[in-house]
Amino acid sequence: MHRTLLSLWLAALAVSAATIDESARAILAANCLPCHGEPKMGGLDVREIGPILKGGSRGPALTPGKSATSPLYLALERTGDLKMPPGKQGLPPHEIRVIRDWIDSGAHWPREGVPTGSAAPEPAWWSLRKPVRPALPEVRNAANAPSPVDRFILAKLEARGLKPAPGASKLTLVRRAAFDLTGLPPEPAQVAAFLKDDSPKAWENLIDRLLASPQYGEKWGRHWLDVVRYGDSSGYEGDIYYPNAWRYRDYVIKSFNTDKPYDQFVKEQIAGDEIWPNTLEFEGSYIMPAQKQIDLEHRLGTSLYTIGPMDPSSLLNGEQLRYERLTDMADTTASAFLGLTMGCARCHDHKFDPITQKDYFALQAIFAGSEPRDLAIDVRKWQEFKKGQTKLLELEDLQDRISRLDQAARRRLGSGGKQSASDLAVFYTEGERAEREGLLQSVAQVALKIPRANPTVTVLTHSEIVPEIHLAIRGEFRNKGPVVKPGFPAVLSATPAIVEVPGQPLARRKALALWLTRADHPLTARVMVNRIWQGHFGRGIVATPNDFGRQGDPPTHPELLDWLATEFVARNWSVKAMHRVIMNSDAYRRSSDVLQPNSDKDPDNHLLWRANRRRLDAEGVRDAILASAGTLNLKGGGPPVIPPLSEEEIGALEDASQWPANHDPAAAARRSVYLYVKRGFRVPMLETFDMPDASFSSAHRDSTNVAPQALALLNNDFVYRQAQAFAGRLSRESADPAVQAASGWRLALGREPTPAELQKAVAILSRGASQPGQPLLDFCLMLFNLNEFLYVD
Amino acid sequence: MSTNMHAPLHRKTSFSSRREFLEQSGGGFGKLALLYLLGLDAGAAASNPLAAKPPMFPAKAKSVISLFMHGGPSHIDTFDPKPALLKLDGQKLPESMRGVRLQFTNASEAPLMASRRTFSKHGQSGIEISDLFPNVAAHADKLAVIRSCHHEAFVHSMALNIMNTGSARLGFPSAGSWVLYGLGSESQNLPAYVVMLEGGTKAGPPVYGSGFLPAVYQGTVMRTKGAPFLDMNLPAGMSNAEQRTMLDDAQWFNRRHMEERPGDSNLAARIAAYELAFRMQTEAPSAVDLSQESAATREMYGVGQEPANDYGLKCLMARRLVERGVRFVQLYSGGLVNGDDWDGHAQCDKNHQRMSARVDKPIAGLLADLEQRGLLESTLVVWGGDFGRTPIMDGQLFSTSGYDGGRDHNPYGFSMWMAGGGIKGGQIIGATDEIGFNAVVDPVHTNDIHATILALLGLDHKKLTYFSQGRDFRLTDVGGDHMFAERLLKG
């Protein structure tokens, strides 16, 4: 016992020594280099320890071991005549303390990327240590803990004197499972079958059926799309459309549906091109060879890095564009795969985590030399497309002729201001008007003949020149610090630098992907099982799924997290296997009722003595409305669907032509995951229900509860039209109010009404009304506005 | 609906008025929902993110009206006279300044251009204001003109982001969201953060979005025509009474549902949200019903007088909103309707004559009206835009006939002004250089402006933080200094 403590203490000490040296160097780099780097003002150069010891015009800058007589430290303390850095403000006190401690501990100079020890010491912070499979804890009431998951949870509950809530009813469970796994309400027939099934396998079979449905990937793919800040457009001024982003969305959905092992999913997204190298050139046939198609599928994962937010005006400055892209790549990678928020380290060493600024730029350097490229995937269509380009010349000619007519009319109108086309129309002569009409018709005919888009994929490739990455002092890319080589965070890896052989193709991302997917990586499996857990309980074991660092919440059940992480790897990184493990626990199947005295001891249910009642997410609200109304179109995949919006909804948009709504009602009734994700403009109803901003990785959905949500469900055009469809559906089934009411209940709420509810519902449906059908329509709209519709027990 | 709701709630919001209101409001209101709204149920109150909160220290202002000139008004032609430019007109920039980065203009070639406007001193303070703002100039003694504003973003979207969220990057909460997060809402039946647009902004809704703050804090777009807010019109063919009946039915079921699930404050909160929504629907139209305003008041704002009508309506509504406890109102002049805004790349003078004629009288009317109603003391009015404009002519991108009297974007030095909210009017803070390119005396960064707005509202910008992406964020990020708030107050 004592030995363990001692070795832990020593390990912690080793880390802090390594961190102090690294930190001191980074502080000097971040604050002193503009003057005491290349410019060597006062003769002092702090880029290496040799020149520091040699010092400048005032002599040696420091004496190792003696901060009290070291000019460097005294200047930072601003006690003598020399005050550094110049200006009113000195360095923050904690940074000055680091320099003092560093000098006093001997002023060791860390070499690039190599920690001071020969092997990386065991990190002090829990999430950076390898998960070790824990033994199952002993519980007093073992009969209550049939699954390993329950053993961990029950042990905590018993220790705190909390009594688990009883199991939820089968009715509650089928609705909970359906929304959790597919994001849709259970079909009435499915509910009935499950209720009737008394076999011991009924629950497992239900889970299997739900996991096998294509709607599973749509629900869980959307979880992942949040994490990787998915968007179909660039954001910023212009908010340009990314025509191939949807291929990545479909790739994600398919990956979940086929239960692609998570390690492969990680490898494909980070380095599909480097791990499965393939030129994807055609070889004498219009049909892409089968192996190439498989490699293309792997490679599609890298689209992740081609769909981030981008200010098109950055195109004015190549270096800025590259820097912003690398920033997005590094930040998204750290948040999504490592569960570490590294964005802070862009500007300074992470105050709380042992991630240094150098680590951050080492991660950027992994992505240096990687850029998006469009690859043609259908030669025949490519040829047609290119052939059709002459049609554009024809269009140009027609446009010229039209504008000549307009100019003539404008000249007659006289000078002054802008005139809209309709203002101008008055001034055409009879002949001009006819000619213009004819020309417009020709435009339409030519436009119809222009071949549709050339099918391409946008994936990551290597650029001709691989730029060197400099540490950006205070995060400003024009303020260049030392060159940083590609590598992993030093605290996580004994060999942080990626070894490169000159002349070999770039394989930096491959190195990152292989490192991340090692079975014993401390973060990869933990971070993903925590996301899966959150999807089932509404809260992760670590409540901050994108921050497993010191700023994040500590795990409520650390041993359970490690057990799940090791189980995940042991089960070949199968996400579906983890759903089964979690959902087969009693913890998942508890009632959501609040019990005393539990709620006094653990009001937020951190220890999971009950299930959490949860509001549907934005997509869930819209999809459940469509499903109840019977209009839901389950077609999957393809380019984004742009739903029609009311004039007032579209009003906030920069330019309504940027929202070319799809007017086929069947298309507009597709699942929400297929709707256009425009970074500068969220579909208002989805935004009202907390769909996240797609600028950054989003780890968790808010679940707010505000009046605009009520207004949307009461008055929104879409909701009202769906209520009409719902009413139509019910009236086609039967003219009997009792039958209509019961059916409405089953479709919207997944259960039979109680006698009292039925009586009230029939009374509502039998009211006199100004128009026939109005009571049924009001009834359907009411169902959408019930708390029970929005909340899952 | 009770008549007392027509009376302004501003400054008088208290539990008693809320209680009074709630007791009189019809239609199935659960006890829990009542407690929730009254903030009496601790658990439920904690779950209402919009509950009114006290400031961190005594506040000078309670509300903010932001007058935002979309596109970027030229300081040189409005609030920052540069007589030196008259001598330098047509010459090139001094050698040392030619390296400056601009969006469309080559700074080493473009000629300097003096303002075509006439500046004169106004009020007792003698602040110089150009003839583009004759009506606003009459209120010179109310204004604190900050002539040394600056930030880093020289393209619109990033500048709009930085002016509104403190950061050029996407995804950060707007100032209004931070204010709401810090102070909550005093308004019973109106959104607490209202934005009026002229066809959207070049950076889209994110400029009034809540970024990583919960969505409840985002700005709500209000329109001057038709239903004021989104989803506020009843579906065609449904009457108010019919909807009330439907809602009563829904709440009947909702209450039963809640009673079977004790201890869940979310369910009570949603029942309350429905009542708020229904009330908003009936009350908001009257809050913005300008027929209740006298002809003299309407005249004062330029309502009914082109080209001032639209902005006049906005300013008048802003006053009515502030009266009713709305916390933050932002009024855009210019936007994406026909691309008509203050972005004077070509013939800047002509552009500004057109744009200022739309806003001058309405803004003056707003200042006068706020003052006569005793609201100016507690309402901070802030005037500004994306950035200022260059003293050199815009490059040739926008004109086929060479330099065309335009001005390019200039974030390096520009003017804003503030009035009301306890600040001392009739003063000038900071200065740009001789030609108006860079802020040189007492430079005030956008972060400082934001820190100051928060300070006047009783919020410390360093303590108003929200944890996201691994750290505590704030409106001013790592910058910001509210020291000049002291100067604004004392003069």
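Residues numbered from 1 in each chain as written. Chains lettered and ligands numbered in written order. Predicted model: local features only at pLDDT ≥ 70, side-chain atom pairs only at ≥ 80, totals over all residues.

1. A word on the overall build of chain B
Helix and strand counts for chain B stand at 14 helices and 17 strands. Across the 491 residues that make up chain B, the buried fraction comes to 58%. Sequence-distant contacts, at least 24 apart, represent 75% of the contacts inside chain B between residues at least 6 apart. (Helix = DSSP H or I, 4+ residues; strand = E, 2+ residues; numbered from the N terminus. Buried ≥ 20, exposed ≤ 12 C-beta atoms within 10 Å, placed from the backbone. Contact = placed C-beta atoms within 7 Å.)

2. Brief notes about the overall build of chain A
Per the secondary structure count, chain A includes 33 helices and 6 strands. Along the first, second and third principal axes, the C-alpha set of chain A runs to 95 × 90 × 60 Å. Put simply, 69% of the contacts in chain A that link residues at least 6 apart link residues at least 24 apart.

3. Quick word on the packing of helix H8 (residues 240–259) of chain B against helix H9 (residues 265–287) of chain B
All names here are of chain B. Between H8 and H9, the least distance of the axes is 10 Å, while the angle of their chain directions is 165 degrees. In terms of orientation, H8 lies roughly antiparallel with respect to H9. For H8 against H9, the interelement crossing comes out left-handed. Residues Leu247, Gln251, Asn254, His257 and Met258 of H8 pack against Leu267, Ala268, Ile271, Tyr274 and Phe278 of H9. Within the contact of H8 with H9, the residues separate by chemical class into 7 nonpolar, 3 polar and no charged. (Axes fitted to C-alpha atoms, helices over the stretch in contact; angles between N-to-C directions. Parallel < 35°, antiparallel > 145°, perpendicular 65-115°, else oblique. Left-handed = near helix turned anticlockwise from the far one by under 90°. Nonpolar A, V, L, I, M, F, W, Y, C, P; charged D, E, K, R; others polar.)

4. Details of the domain arrangement of chain B
All names here are of chain B. As assigned here, chain B comprises domain 1 (20–46 + 231–284) and domain 2 (63–227 + 295–490). Here the C-alpha centre of domain 2 lies 39 Å away from the C-alpha centre of domain 1. Opposite the 8 residues of domain 1 that make contact, domain 2 presents 4 residues. Looking at the side of domain 1 that touches domain 2 element by element, the count peaks at 5 residues for H9. (Domains from an automatic or database assignment.)

5. Details of the interface of chain A and chain B
With 56 residues of chain A at the contact, the number on the chain B side is 55 residues. With 8 residues, helix H28 (residues 707–715) of chain A is the largest single contributor of residues to the side of chain A that touches chain B. Grouping the amino acids of the side of chain A that touches chain B by side-chain chemistry returns 21 nonpolar, 17 polar and 18 charged.

6. Quick notes on the packing of helix H11 (residues 309–323) of chain B against helix H12 (residues 348–372) of chain B
Residue and element names in this part refer to chain B. For the pair H11 and H12, the least separation of the axes is 8 Å and the interaxial angle reads 20 degrees. Taken together, the axes of H11 and H12 are roughly parallel relative to one another. The handedness of the crossing between H11 and H12 comes out as right-handed. Taking contact as the criterion, the partners of Asp310, Tyr311, Gly312, Cys315, Ala318 and Arg319 in H11 are, on H12, Arg358, Val359, Lys361, Pro362, Ile363, Gly365, Leu366, Asp369 and Leu370. Taken together, the residues that form the contact of H11 with H12 break down as 8 nonpolar, 2 polar and 5 charged.

7. Remarks on the confidence of the model for chain B
Looking at chain B as a whole, its pLDDT mean stands at 85, while 88% of the residues score no less than 70. Interface confidence in the predicted complex, given as ipTM, is 0.81; pTM for the same model is 0.79. (pLDDT = per-residue confidence, 0-100.)

8. A few points about helix H30 (residues 737–749) of chain A
All names here are of chain A. With 13 residues, H30 should reach 18 Å at 1.5 Å per residue; the first-to-last C-alpha distance of 17 Å fits that figure. Inspection of H30 places Gln740, Ala741, Ala742, Gly744, Trp745, Arg746, Leu747, Ala748 and Leu749 among the buried residues, and these make up the whole buried set. Positioned one or two residues after H30, glycine 750 has a phi angle of 75 degrees, which is positive. (Expected span 1.5 Å × (residues − 1).)

9. Let's talk about the pairing of strand E11 (residues 414–420) of chain B
Residues and elements named next belong to chain B. Of all 7 residues making up E11, 7 are buried, and the element is well covered by its neighbours. Relative to E11, strand E4 (residues 143–150) is paired through 5 bridges, and the arrangement is antiparallel. By the bridge assignment, cysteine 149 is partnered in E11 with phenylalanine 414. As paired elements, strand E8 (residues 379–385) and E11 share 4 bridges and run antiparallel to each other. By the bridge assignment for E11, leucine 380 is matched with glycine 420. (Pairing = 2+ DSSP bridges.)

10. A short note on unusual backbone geometry
Following Met84(A), the chain continues into Pro85(A) via a peptide bond in cis, with omega recorded as -15 degrees. For Pro85(A), the location among the structural elements is in the loop between helix H3 (71–77) and helix H4 (93–104). A cis geometry characterises the amide bond from Glu306(B) onward to Pro307(B), with omega recorded as 5 degrees. Within the secondary structure layout, Pro307(B) lies in the loop between helix H10 (295–301) and H11. In this model, Gln347(B) sits at a positive phi of 45 degrees, which is unusual for a non-glycine residue. Given 17 C-beta atoms within a 10 Å radius, Gln347(B) is considered partly exposed.

11. A closer look at helix H6 (residues 156–165) of chain B
Residues and elements named next belong to chain B. Within H6, 10 of the 10 residues are buried, which leaves it mostly tucked inside the rest of the structure. Within the sequence span of H6, burial applies to His156, Ser157, Met158, Ala159, Leu160, Asn161, Ile162, Met163, Asn164 and Thr165. Buried residues along H6 sit in contact with helix H7 (175–183), E8 and helix H13 (446–456).

12. Description of the nonpolar core
Counting residues in each nonpolar core, the largest one holds 326 residues, and the members touching the most others are Val529(A), Cys780(A), Ala277(B) and Trp417(B). It is H9(B) that contributes the most residues to this core, 13 residues altogether. Leave out the neighbours within four places in its chain, and Cys780(A) touches Ala723(A), Phe726(A), Ala727(A), Leu730(A) and Gly744(A). Leu128(A), Phe488(A), Ala490(A) and Leu492(A) belong to the second largest nonpolar core, which has 5 residues in total. (Core = buried A, V, L, I, M, F, W, Y, C linked by C-beta atoms within 7 Å.)

13. Notes on the confidence of the model for chain A
Of all residues in chain A, 93% attain a pLDDT of 70 or more, and the chain-wide mean is 88. pLDDT under 50 marks residues 1–18 of chain A. Its contacts with residues more than four places away, or in other chains, come to 15 contacts.

14. Quick look at the environment of Ala668(A)
With respect to the helices and strands, the residue Ala668(A) is situated in helix H26 (residues 665–668). Along the backbone, Ala668(A) and Asn633(A) are 35 residues apart, and their C-alpha atoms lie at a distance of 8.4 Å.

15. Considerations on the environment of Ala485(B)
Residues and elements named next belong to chain B. Position of alanine 485 among the secondary structure elements: in helix H14 (residues 483–490). It is 29 Å that separates the C-alpha atoms of alanine 485 and proline 205, two residues lying 280 residues apart in sequence. Among residues more than four places away in sequence, those in contact with alanine 485 are Thr452, Ala455 and Leu456.

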